[in-house]
Amino acid sequence: MKRLSLVLLAVAFVAAGAAGCFKDPVSSLRSGPTIVNLDHSSIYVAVGDSTTVTATVQDNGGNVLPETDATWTSSDPTIAVVRKDTTQVIPGNYFTRAFIRGVLPTGGIAAVTVVTRGLTATVRVVVTPPLIPHSQVSSIGT
């Protein structure tokens, strides 16, 4: 009986030690979200064209955190429209992406903002008008 108690006690110590091995050793270094990083600070897009902007959320240690509730908005939808990419198939939702399209025929400047996990980031969008066709260009001189 005494021997069985010692065996059970040894098994309990081994189980406790094994459980400690599976704990994430850097979990205490992680903090909550502190910054949203965009892959562009400004973009140029021609009227009628579109491009993508990707945002990631990070903590103080630079660890990328899952994105859960991103909202993308344009400061002026008559210049540039934005649509969140809902077709992402990357497991873990470690980024959010949006499509930005230039719409104002004369071009202009707008700001596209992403809000996620209580943080905000903005990308400057410069919409460029289409090139002037050669038939409308006149030359001066000989």
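Just above, that's the structure.
About the criteria used
Residues numbered from 1 in each chain as written. Predicted model: local features only at pLDDT ≥ 70, side-chain atom pairs only at ≥ 80, totals over all residues. Heavy atoms only, no water. Buried < 20%, exposed > 50% of the residue type's maximum accessible area, 1.4 Å probe, protein only. Helix = DSSP H or I, 4+ residues; strand = E, 2+ residues; numbered from the N terminus. Pairing = 2+ DSSP bridges. Axes fitted to C-alpha atoms, helices over the stretch in contact; angles between N-to-C directions. Contact = heavy atoms within 4.5 Å. Polar contact = N/O pair within 3.5 Å; in protein donor to acceptor, adjacent residues only side chain to side chain.

Peer 1: It is not clear to me how the pairing of strand β5 (residues 71–74) should be interpreted in this structure. Could you clarify?
Peer 2: Looking along a regular strand, one sees the side chains alternate between the two faces of the sheet. Of the two faces of β5, only one is covered, namely that formed by W72 and S74; the face formed by T71 and T73 stays uncovered. Pairing analysis gives 4 bridges linking β5 to strand β8 (residues 108–116), with the strands arranged antiparallel. Residue pairing for β8: T71 is matched across the bridge by V115.

Peer 1: Looking at this model, I keep getting lost on the sheet that holds strand β2 (residues 42–46). Mind explaining?
Peer 2: Two modes of strand pairing occur in sheets, parallel and antiparallel, and in both the strands are linked by backbone hydrogen bonds. Spatially, 4 strands are ordered β2-β9-β8-β5 in an open sheet, and the strand pairing comes out mixed. Looking at the sheet topology across the chains shown, the edges are occupied by β2 and β5. The sheet shows a mean angle of 25° between the axes of neighbouring strands, taken without regard to direction.

Peer 1: How should the environment of H40 be read in this particular structure?
Peer 2: Assignment of secondary structure puts H40 in the loop between β1 (35–38) and β2. Along the chain, H40 and T54 lie 14 residues apart, while their C-alpha atoms are 7.9 Å from each other. Beyond its immediate sequence surroundings of up to four residues, H40 is in contact with T52 and V123. Of the polar contacts made by the side chain of H40, one reaches the side chain of D39; its length is 3.0 Å.

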